[in-house]
Amino acid sequence: MSTNNTLVIDENTVIHPSKEFSAKARVSSMEQYESMHKQSIEDPDTFWANEASDLKWQKKWDKVLDWKAPYAEWFQGAKLNVCENAVDRHVEAGRGNKAAIIWEGEPGDKRTVTYQQLQHEVCRMANVLIAKGVKSEDRVLIYMPMVPEATIAMLACARLGAVHSIVFGGFSSESIKDRLEDSKAVAVITSDGSWRRAGVVPLKDNMDEALQNNDTVKSVIVLKRCENQINMTEGRDFWWHEETAKVTATHKPEGFSSEHPLFILYTSGSTGKPKGILHTSGGYMVGTYTTCKYIFDMKEDDVYWCTADVGWITGHSYITYGPLFAGVTQVMYEGGPNFPDWGRFWSIIEEYGVTIFYTAPTAIRAFIKAGDEFVDKYDLSSLRLLGTVGEPINPAAWEWYYNKIGGGRCPIVDTWWQTETGAAMISPLPGCTPIKPGTATRPFFGVDAAILDEDGKECEVDQPGRLVIRKPWPSMLRSVYGDKQRYEDTYWSDYDGIYTAGDGARKDKDGNIYIIGRLDDVLNVSGHRLGTAEIESALVAHNSVAEAAVVGKPHEIKGQAVVCFVTLKTGITETDELKVELRNHVGKVIGAIAKPDAIHFAPGLPKTRSGKIMRRLLKELVATGKVTGNITTLEDSTVIAAIQKSITG
Ligand code: 6R9
């Protein structure tokens, strides 16, 4: 496709939605946005009750919000079934024959699942789980490739009131083990393997390793996907296709309370092991649904595609839940963006006529690097709306996305949110918000976002500070699973009754919010959160390592690269082989996504006199090659010169 209206774009460019787009959008002017936003903040009960009435409640709520900071109950007294809203509601409305999921496997196999078929498949899996003794509130760990069965497994849990906990397929056995232990899962749903760039990732083998010495998991359901050789443990492991053949395709969705737990999703923090972020039912449903309606402008005849994996929050809220609540047709793709070449995504958009496309800046940068020839072969004229998530988008990537993929005609919604927030929080509304590269623009309805300084005072225009949310919102996290104290300490202890996101941000004179990046020791590598503490603890678990410090370094495609400084134990020789070994070791402990990009040996690490590693200095060193600040507070300032040498070789 040629792009006729190619615009030259920089960070000052402001683009207004076209008249055609606005005319069909749900919110078509900034006045309308402002007045709806005002109502949503001043009278959240009326605003959210109105939105919630689009959905099905087996029993209506008595009270929209009960807020005893930092604990919220949304739609108190209501009864609902999340799965019924995602599936049965559409079948009952006569849309059973509409495609819910159009799926393409990496090897090229294709499948369409209608809402009616989805209902049957979900009911079968729900009946299988019942047969295995899974009950309401039991935890079920899901470790699956991007196949419709991943969504089916999630929805089957939701239907029973069981709590799913998904582990991304790129995580290792040890990561699964930690999550199994923390959540005390009683059942697992996995597959033999997963396709990734023509190779098979041995999911079941990883699971077997994670299950050694586990005594909570009673049954493991295994989907046959790659037909790779696996071991089945008698009495514990069961094939998906055999078990689903034994049960019926009907199941009555029971109503659960609005605060019934829906899922746990682990995410990295600045300290210790990943936290199990807990989301519940009614508020999460209303939040994800409402953002699909207004931000993604989902309509009856849209073909929507989000390229995330269900292992991340984006895959939960904007693959499995939101789009199905909204009743759209969505595309799901199993494999890598560059298989068999960098044109795969564009061929999928052309083939299925995708109208709304949601991806990450890191993917966009990789496409730019691969070259325009992979895009030029395909007709992308079906697209009408683009979205990004995961990290700030740089103007060059924005320009390419806008012109090359969007043909200069599609608004881009840059959506800021987090695993914790459950749904998009800051984003343009495509029919009205003037968009600018690099800013997620305005808070969504019900989101009282502000930027505060350390004393809790609101920052001036362009003054950087901490991004906070001052009022509860429906899809907010409810706790850290099993650890209320950590929930209170991590998110609610900076300011009284106010949620701290952990991101730095600033607001421009027009009210646009720019996210600067994490304020804690969390890296954003290809849009994924990795805790430096986790990688450090993986490194020091290796028997050659005495100490380790991990920092992020700006990276052209990934956003940030993982750079490690390692002090070896006395008597261990610094070799390149050891670097490779340490790299693989981190991969084994956490997962391939955490493998360091660089490892430097250092005779010592820069520390304050109280023994704190000064990662800030290391960060500056890897980014610029030098240290500008005052280093006199260091316990031993000679380590800086030695580290400088280890970086430059
Ligand atoms: C949805 C998701 C959350 C962190 C968040 C922030 C960064 C996400 C962003 C963005 C700038 C955006 N982030 N979206 N930064 N602009 N549009 O990514 O959740 O994996 O929990 O990461 O990602 O730093 O705090 P999660």
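Residues numbered from 1 in each chain as written. Predicted model: local features only at pLDDT ≥ 70, side-chain atom pairs only at ≥ 80, totals over all residues. Heavy atoms only, no water.

- Per an unreviewed UniProt entry, the recorded name for the protein chain is Acetyl-coenzyme A synthetase, and the organism is Rubritalea profundi.
- Taken directly from UniProt, the Sequence similarities (unreviewed entry) text for the protein chain runs: "Belongs to the ATP-dependent AMP-binding enzyme family."
- A UniProt comment under Catalytic activity (unreviewed entry) is attached to the protein chain, and it reads "acetate + ATP + CoA = acetyl-CoA + AMP + diphosphate". (UniProt positions renumbered as here; feature names shortened; annotations may be inferred.)

**Some remarks on unusual backbone geometry**
And step 1. A cis amide bond, omega -5°, links Ala69 with the succeeding residue Pro70.
And step 2. With respect to the helices and strands, the residue Pro70 is situated in the loop between strand 1 (63–68) and strand 2 (71–76).
And step 3. The backbone of Phe75 shows a phi angle near 55°, a positive value even though the residue is not glycine.
And step 4. On the secondary structure map, Phe75 appears in strand 2. (Helix = DSSP H or I, 4+ residues; strand = E, 2+ residues; numbered from the N terminus.)

**A short note on the domain arrangement of the protein chain**
And step 1. In terms of domain boundaries, the protein chain breaks down into domain 1 (101–262) and domain 2 (522–648).
And step 2. When each unit is reduced to the centre of its C-alpha atoms, the spacing between domain 1 and domain 2 is 37 Å.
And step 3. Contact residues are listed per partner, giving seven residues for domain 1 and seven residues for domain 2.
And step 4. Between domain 1 and domain 2 the total buried area reaches about 530 Å² when both faces are included, carbon and sulfur atoms providing 48% of it.
And step 5. If you sort the residues of domain 1 by the area they bury against domain 2, Phe171, Ser172 and Glu174 come out on top, with a joint share of 59%.
And step 6. Run the count over domain 1 and domain 2 and you get one salt bridge.
And step 7. In this structure, Glu209 and Lys588 form a salt bridge, with 3.5 Å as the shortest nitrogen-oxygen distance.
And step 8. Between domain 1 and domain 2 we count six residue pairs in polar contact (both at pLDDT 80 or more) in total.
And step 9. Of the residues belonging to the side of domain 1 that touches domain 2, the class tally is two nonpolar, three polar and two charged. (Domains from an automatic or database assignment. Contact = heavy atoms within 4.5 Å. Buried area = accessible area lost by both parts, 1.4 Å probe. Salt bridge = Lys/Arg side-chain N within 4 Å of Asp/Glu carboxyl O. Polar contact = N/O pair within 3.5 Å; in protein donor to acceptor, adjacent residues only side chain to side chain. Nonpolar A, V, L, I, M, F, W, Y, C, P; charged D, E, K, R; others polar.)

**Observations concerning the packing of aromatic side chains**
And step 1. Here the structure, examined in full by the defined rule, presents 42 aromatic pairs.
And step 2. Between the aromatic rings of Phe345 and Trp346, the centroid separation amounts to 6.3 Å while the plane-to-plane angle is 80°, which identifies the pairing as edge-to-face. Here the two residues Phe345 and Trp346 agree in accessibility, since each one is buried.
And step 3. An aromatic cluster of three or more residues is present, and its members are Trp305, Tyr333, Trp342, Phe345, Trp346, Phe357, Phe367, Trp400 and Tyr401.
And step 4. Over the ring of Phe238 we find Lys132; its NZ or CZ atom is 3.5 Å from the centre of that ring.
And step 5. Over the aromatic face of Phe171 sits the side chain of Arg179, whose NZ or CZ is 4.8 Å from the ring centroid. (Phe/Tyr/Trp six-rings, centres within 6.5 Å; stacked < 30°, edge-to-face > 60°. Buried < 20%, exposed > 50% of the residue type's maximum accessible area, 1.4 Å probe, protein only. Lys NZ or Arg CZ within 6 Å of the ring centre and 35° of its normal.)

**Some thoughts on the pattern of salt bridges**
And step 1. Scanning the model with the defined rule gives 46 salt bridges in all.
And step 2. A salt bridge links Lys204 to Asp208, with the nearest nitrogen and oxygen atoms 2.7 Å apart. With Lys204 and Asp208 both in helix 8 (residues 203–211) and four residues apart, this pair spans about one turn of that helix. When sorted by exposure, Lys204 lands in the same class as Asp208, which is buried.

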